[in-house]
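What follows is the residue order along each chain.
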Amino acid sequence: IFIAEALVNGVSVIVHCSDGWDRTSQTCALAQLLLDPFYRTIQGFQALIQKDWLTFGHKFTDRCGFVAGDPKETSPIMTQFIDTTWQLLRQFPAAFQFNEKYLVDIHDHVYSCQFGTFVGNCERERQELRLAERTYSLWGHLTNSADEYINPMFDPTNSTNEVLTPSTLPQNILFWRGLYSRYEAGLQQARGPEVIDLLTLTQISTASLEDHAKHLSRRVDGLRSMISSNSKATAGVVKKFLPSMVNITAGVANIAGGGSSSPRSIQNSSEQGEAKPSEKRFADLKTGLSVDKCESSKF
């Protein structure tokens with residue numbers, strides 16, 4: 001907070017501790033979170049860790065105890081930074097694009113070694129181990145699942161030029177149960193879901209329902225066009241086929257009855273005697289097709 005206030009007042013600040021890769025990374029990264037809204041976004045927070053922690057030379061292998069070594073070198077420096085970021089997120093929920101799950105997943109993968117992002121004490125070691133070729137990056141994994149980390153309370157219009165001034169009173173610094181007590185069922189049930197978690201679930205469910213509704217709408221449009229084209233083709237076949245069949249049927253019936261009418265008279269009589277029935281049959285068939293089309297459109 002002191003660094004951020006000094007920079008706002010136009011005072012130059014130099015930060016340096018005994019080694020320069022633990023408290024320096026913590027204080028500089030937190031000051032930039034308070035000052036610059038870009039680092040409060042999903043991509044910006046990744047860039048902040050990459051710049052002030054990985055490239056700056058924080059010793060993740062020693063501090064996280066990935067391999068057997070000096071136990072005095074182990075220290076939860078990164079956990080403190082993630083915890084402090086959560087305290088800011090809790091005090092200023094509309095200023096951060098990401099949610100609590102985003103911080104928890106980053107913290108878990110710092111220690112999981114599932115990705116090569118946090119393996120090694122410096123850039124030289126990562127290059128020697130060829131981690132960029134032999135492992136996957138955590139940032140790509142988080143970017144592919146970015147929808148799960150969106151904070152529904154984020155308001156970019158109000159936090160564009162806002163410098164955060166958090167409260168450091170003891171009653172405002174809370175125990176992060178979502179990280180430290182998440183596997184204790186009794187505490188989780190007593191705690192209950194957070195409002196921001198409920199909003200996130202509601203947002204995800206709404207987006208899923210909207211996508212499903214669009215998919216069903218496209219299927220209905222496709223069925224409607226298919227039924228329409230099939231109805232036109234069926235009507236054309238009936239118009240072409242039905243009159244000739246009526247004439248042939250009338251002529252055969254006349255001959256079978258002993259009549260001696262000429263083909264012309266057979267045609268005339270069939271046209272006069274069977275015109276109305278054929279028209280009625282065609283009208284009924286067309287009505288049936290229209291009803292089927294109507295029912296399909298409703299579906």
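Refer to the structure printed above.
Source: prediction; values computed, not measured.

A.B. asks: It is not clear to me how the environment of Arg 63 should be interpreted in this structure. Could you clarify?
C.D. replies: Relative to the elements of secondary structure, Arg 63 occurs in helix α4 (residues 60-64). The spacing of Arg 63 and Asp 22 is 41 residues in sequence and 9.3 Å in space, taken between C-alpha atoms. In this view, Arg 63 contacts Trp 21, Asp 22, His 58, Glu 73, Thr 74, Ser 75 and Ile 77; residues no more than four positions away in its chain are not counted. Polar side-chain contacts of Arg 63 include one of 2.6 Å to the side chain of Glu 73.

A.B. asks: I would appreciate a short explanation of the environment of Arg 224 in the present structure.
C.D. replies: Relative to the assigned elements, Arg 224 resides in helix α12 (residues 195-256). At a separation of 3.0 Å, a polar atom in the side chain of Arg 224 contacts the side chain of Asp 221.

A.B. asks: How should I be thinking about the pattern of salt bridges in this particular structure?
C.D. replies: For side chains of opposite charge, pairing can occur when their charged atoms come near one another. By the definition in use, this model includes 12 salt bridges. A salt bridge links Glu 73 to Arg 63, with the shortest nitrogen-to-oxygen separation between them at 2.6 Å. In this pair, Glu 73 sits in the loop between α4 and α5 (77-91) while Arg 63 sits in helix α4, placing the two residues 10 residues apart along the sequence. When the shortest N-O distance is used, the salt bridge between Lys 101 and Asp 105 registers 3.0 Å. Here Lys 101 pairs with Asp 105, and both are found in helix α6 (residues 100-112), just four residues apart, close to one helical turn. Relative accessible area serves as the criterion here: at 38%, Lys 101 is assigned to the partly exposed category. Its relative accessible area of 16% is what places Asp 105 among the buried residues. A single network of salt bridges, built from pairs that share partners, joins Asp 22, Lys 59, Asp 62, Arg 63 and Glu 73.

About the thresholds
- Residues numbered from 1 in each chain as written.
- Predicted model: local features only at pLDDT ≥ 70, side-chain atom pairs only at ≥ 80, totals over all residues.
- Heavy atoms only, no water.
- Helix = DSSP H or I, 4+ residues; strand = E, 2+ residues; numbered from the N terminus.
- Contact = heavy atoms within 4.5 Å.
- Polar contact = N/O pair within 3.5 Å; in protein donor to acceptor, adjacent residues only side chain to side chain.
- Salt bridge = Lys/Arg side-chain N within 4 Å of Asp/Glu carboxyl O.
- Buried < 20%, exposed > 50% of the residue type's maximum accessible area, 1.4 Å probe, protein only.

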